[in-house]
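Listed here are the chains, written in short residue letters.
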Amino acid sequence: MTASAQLPLADDLFLTAHDTVKGKCLLSPATLGLGMASALIGELVLWRRVDVVDGKIQIIDDRPTGDPAATAVLDQLLREGHHRAVRDWISFLATGVATDLVERRLARSALVQRQEKRGLFGAKVSFVPSDSMIAGWPATRIRTFIGRGELLDIPDLVLAGLILATGLDQHVFFTLEARGRGQLFDQLKRRLPAMLLELVGQAEAAVGDAVMARRA
Amino acid sequence: MSSTATKPPQSQLSTALARDRLGVAAVVFFVMSAAAPLTVVAGVVPTGIAVTELTSISIAFVAVAVVLAIFAVGYVAMARHIANAGAFYAYISQGLGRPVGVGASWVALLAYNMFQIAAYGGFGAIASPLFDKWFGLDIQWWVLALVVWALTAVLGVRDVAVNGKVLATLLVAEIIVVVVFSIADLFSPNFQASSAPIDVSSLAGAGSGALLAMAITGFVGFEQSVVFSEESRDPRRTVPRATYIAISLIAVLYGFAAWAMISAAGDDVIGRAGTEGPDLFFNVASDQLGGRAVDLGYALFLTSLIAAMISFHNIIARYMFSLGREGVLPRAFGRTVPGTGAPKNGSLIQSALGLTVIVIYAVAGWDPLVNLFFWGGSGGGIGVLLLITLTSFAVINYFVRNPAGEDFWHRLGAPVLGSLALVVMSYLALSNIATLFGVEEGSKPTWVVPLAFAVLLVAGIAWALILRSSNPQVYAGIGLGARSASSVGGFSAALASTDDKDNQ
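A quick note: this is a predicted structure, and the numbers were derived from the prediction, not measured.

Criteria and thresholds
Residues numbered from 1 in each chain as written. Chains lettered and ligands numbered in written order. Predicted model: local features only at pLDDT ≥ 70, side-chain atom pairs only at ≥ 80, totals over all residues. Helix = DSSP H or I, 4+ residues; strand = E, 2+ residues; numbered from the N terminus. Rg over C-alpha atoms; globule rule 2.2 N^0.38 Å. Buried ≥ 20, exposed ≤ 12 C-beta atoms within 10 Å, placed from the backbone. Contact = placed C-beta atoms within 7 Å. Expected span 1.5 Å × (residues − 1). Pairing = 2+ DSSP bridges. Axes fitted to C-alpha atoms, helices over the stretch in contact; angles between N-to-C directions. Parallel < 35°, antiparallel > 145°, perpendicular 65-115°, else oblique. Nonpolar A, V, L, I, M, F, W, Y, C, P; charged D, E, K, R; others polar. pLDDT = per-residue confidence, 0-100. Core = buried A, V, L, I, M, F, W, Y, C linked by C-beta atoms within 7 Å. Left-handed = near helix turned anticlockwise from the far one by under 90°.

### So, the overall build of chain B
Alright, step 1. In terms of helices and strands, chain B carries 19 helices and zero strands.
Alright, step 2. Against the globule reference of 23 Å for 504 residues, chain B gives a C-alpha radius of gyration of 23 Å, in line with a compact fold.
Alright, step 3. Along the longest, intermediate and shortest principal axes, the C-alpha atoms of chain B span 75 × 60 × 50 Å.
Alright, step 4. Within the span of chain B, comprising 504 residues, buried residues form 59% of the whole.
Alright, step 5. Contacts in chain B between residues far apart in sequence, at least 24 positions, make up 81% of those at least 6 positions apart.

### Some details on the overall build of chain A
Alright, step 1. Looking only at helices and strands, chain A features nine helices and four strands.
Alright, step 2. Each helix and strand of chain A, placed in order from N terminus to C terminus, yields the pattern α-α-β-β-α-α-β-β-α-α-α-α-α.
Alright, step 3. On C-alpha atoms alone, chain A measures out to a radius of gyration of 17 Å, which is about the 17 Å that the 2.2 N^0.38 rule sets for 216 residues.
Alright, step 4. Seen along its three principal axes, the alpha-carbon backbone of chain A occupies a region of about 50 × 45 × 35 Å.
Alright, step 5. In chain A, buried positions account for 52% of the 216 residues.
Alright, step 6. Summarising the internal contacts of chain A: among those between residues at least 6 apart in sequence, 70% fall at separations of at least 24.

### Notes on helix α17 (residues 444-470) of chain B
Alright, step 1. Here α17 of chain B spans 37 Å end to end across 27 residues, near enough to the 39 Å set by a 1.5 Å rise per residue.
Alright, step 2. Against the buried residues of α17 of chain B lie α6 (98-135), α14 (368-401), α16 (433-437) and α18 (472-476) of chain B.

### Thoughts on the pairing of strand β2 (residues 56-59) of chain A
Residue and element names in this part refer to chain A.
Alright, step 1. Direction of pairing for strand β1 (residues 50-53) relative to β2: antiparallel, over a ladder of four bridges. What sits directly across from valine 52, in β2, is isoleucine 57.
Alright, step 2. Between β1 and β2, which follow one another and run antiparallel, lie two residues, and aspartate 54 among them has a positive phi close to 50 degrees.

### Details of the packing of helix α2 (residues 29-46) of chain A against helix α3 (residues 68-79) of chain A
All names here are of chain A.
Alright, step 1. At their nearest, the axes of α2 and α3 sit 9 Å apart, and the two run at 90 degrees to each other. Between α2 and α3, the interaxial angle falls into the category roughly perpendicular. Contacts between α2 and α3 pair Leu40, Ile41, Glu43 and Leu44 from the former with Ala69, Ala70, Val73 and Leu74 from the latter.
Alright, step 2. In terms of residue class, the contact of α2 with α3 is made up of seven nonpolar, no polar and one charged.

### Points about the environment of glycine 208 of chain A
Alright, step 1. By the element assignment, glycine 208 of chain A lies in helix α9 (residues 194-212).
Alright, step 2. On a C-alpha basis, the gap between glycine 208 of chain A and glycine 180 of chain A in space is 26 Å, while along the polypeptide they are 28 residues apart.

### With respect to the confidence of the model for chain B
Residue and element names in this part refer to chain B.
Alright, step 1. Looking at chain B as a whole, its pLDDT mean stands at 85, while 92% of the residues score no less than 70.
Alright, step 2. Between residues 484-488, whose pLDDT stays under 50, and residues either more than four places distant or in other chains, the model counts 28 contacts.
Alright, step 3. Under the prediction, the complex receives an ipTM of 0.72, its pTM being 0.83.

### Observations regarding the environment of serine 132 of chain A
Residue and element names in this part refer to chain A.
Alright, step 1. Mapped onto the elements, serine 132 comes out in helix α5 (residues 132-147).
Alright, step 2. Using a count of 14 C-beta atoms within 10 Å as the deciding quantity, one classes serine 132 as partly exposed.
Alright, step 3. For serine 132, the residues in contact, after removing those within four places along its chain, are Thr20, Val21 and Gly23.

### Quick notes on the nonpolar core
The nonpolar side chains of a soluble globular protein tend to be buried, and buried together.
Alright, step 1. Ranked by size, the top nonpolar core spans 251 residues in total, and within it Leu40 of chain A together with Val64 and Leu212 of chain B carry the most contacts.
Alright, step 2. The dominant element in this core, judged by the number of residues it contributes, is helix α12 (residues 279-326) of chain B, at 23 residues.
Alright, step 3. Excluding anything up to four places from it in sequence, leucine 40 of chain A contacts Ala10, Ala69, Ala70, Val73, Leu93, Ala98 and Leu101 of chain A.

### Examining the packing of α6 of chain B against helix α13 (residues 344-364) of chain B
All names here are of chain B.
Alright, step 1. The geometry of α6 relative to α13 is characterised by a closest axis approach of 10 Å and an angle of 50 degrees between their N-to-C directions. Here α6 lies oblique to α13, going by the angle between them. Note on packing geometry: the crossing formed by α6 with α13 is right-handed. Mapping the contact onto sequence places Asn113, Gln116, Ile117, Tyr120 and Gly121 in α6 and Gln350, Leu353, Gly354, Val357, Ile358 and Tyr361 in α13.
Alright, step 2. Residues that form the contact of α6 with α13 fall into these classes: six nonpolar, five polar and no charged.

### Describing the environment of leucine 54 of chain B
All names here are of chain B.
Alright, step 1. Note on placement: leucine 54 falls in the loop between α3 (37-52) and α4 (57-79).
Alright, step 2. A residue is classified by how many C-beta atoms lie within 10 Å of it, and leucine 54, with 23 of them, is buried.
Alright, step 3. Non-local contacts of leucine 54, meaning those with residues more than four positions away in its chain, are made with Ile49, Gly207, Ala210 and Leu211.

### What about unusual backbone geometry?
Alright, step 1. Phi at alanine 110 of chain A takes a positive value of approximately 60 degrees, unusual for a residue other than glycine.
Alright, step 2. When you line up the elements, alanine 110 of chain A lands in the loop between α4 (86-108) and β3 (112-119).
Alright, step 3. Alanine 110 of chain A sits in the exposed class, given 10 other C-beta atoms within 10 Å.
Alright, step 4. Residue glutamate 53 of chain B is not a glycine yet carries a positive backbone phi of 60 degrees.
Alright, step 5. Along the polypeptide, glutamate 53 of chain B turns up in the loop between α3 and α4.
Alright, step 6. On the basis of neighbour counts, which here come to 16 C-beta atoms within 10 Å, the residue glutamate 53 of chain B falls in the partly exposed class.

Structural data, given as structure tokens:
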């Protein structure tokens, strides 16, 4: 683990998906959902509860992780044993389930707060980072490591992968110069385990899918 | 420990995913809105009659519908088996090889762009006299074309799709107008049931290719039904049904409307089409319906064109997005605006192209109705016809190699029959192109349009062959679109970065 306070993968991605100044979400709700869904599955892979092989999720250990969000997903996976395709699970969790789980987890640790916006068409409830500093944390951490030429740990590599897959890189990696970019890509290629590589690939395909079907 | 206390008996995953699925009606609506009924009936048909001096258009709609329905049997069957359904080049890549697929994708971009830009010209040409009539404003056609161009460009780049309900309401209103006006035609004092529009022998006569090319223009958009293969309630039923329903509806509606209009136009329909243009459709019914109804019809005509523009613009932007993701077009096209998911760069390029063409036509003083709207639309129609023909062969070849899961009729029967008919249609359309455009045999437009398609096809094939040797990973993903895990988005591009230094 890295020295800085690293949150669970999905929490880090959620914070990264929010503007550091205004706290506004940088992704469309659909894309954010796909990112949250993939990140929660990623957490289960990191917890060594599931494997992702050939587009399918295999449960290798059904013990709760101790974390409510990841465990909720694991429970659901256990309940619906006949559904195994990663893409189906990403699509399903992206319908709001994943975002909801992550928001609740972040709210419990007081990193996000409920925000109600009254608009023309009624109130819109959203969760925004309680401190603009926090939102920038994960991305800054990745940029700092890359800047120093150091190795990212596996969760941060997955995070970087999902940042690229959701298109967030246009916000958080645009300050990286060509050399840093090359280093990051190189690490992704060499060090991201095959299962997580596949998961991020599936996440990216799901994001593209949503654009083609006008859901993004 | 579970955070969800209750455990419902049925699968939450299945029900949640099923909730978003589309039914037959939704798919039919989507397809019909791209087909823009009033644009075809009031725009393409009268202009076509004037330019080609042919009137057997109703039977041409029916003939094209039959051929497309046969083609659709294999087309929707293959859609169930491949990723990225909805793009002709995906079928062609997997049926006839990736190089032809890339060539086809470039041809498709040109054809769709021709439609898109034709709609700008049509809008300008049709709206300009209306603004004079309604508001007493004398506005050049290109000013109005630029206004709708700007609207499309802004909505496109922000990816504001026209709300489904608005689109459906407009579409229903359009269909009602077409039906009511056509029925009014039947009671016109000039009405005399004409046999010319349904003269079967015309399909074998001189100019038959021009009629068929004109008719196919009315159906473009039907191919989009398969985009929803993975999103429909029952992939084996929803999409095929919606496709056949859309094709039949279009044929019956357009065929009937064209017949009624020609029958009610009196003896000299060609002459009237020449002088009145798109007004013909409204004029022949006006004495039965009165000015209010005609004004309403015109208003819907304009909104129909705008809806068609926005929908084609979206199709083009997504086509480029999909090609950009695959790495066939520059990667920048495979990017979206994160906050909205809009495929921004494809949209911008389309808008730039549209602006260029409008400006060229305005400066050169070319006729926006005939030279832009009709030539662009029917030229695009020929492009789509050629793509459908290639796709039909691709379907045969694909099922020869992967016969599992489909019966003989879906795999071979219908596709072979369809391919033969499509080859004949393509031949006729290309050989009648002078009649279609209403120009001299051998004059510039008759060879520029086919040549443009041929050049793009060959260039695409060449580009694919270059990719095969220089970038095998990109080559392997051709035709799979954004829907496959091997596509080239930001992450995949990162993984492929040593093979390819130019990603940004």
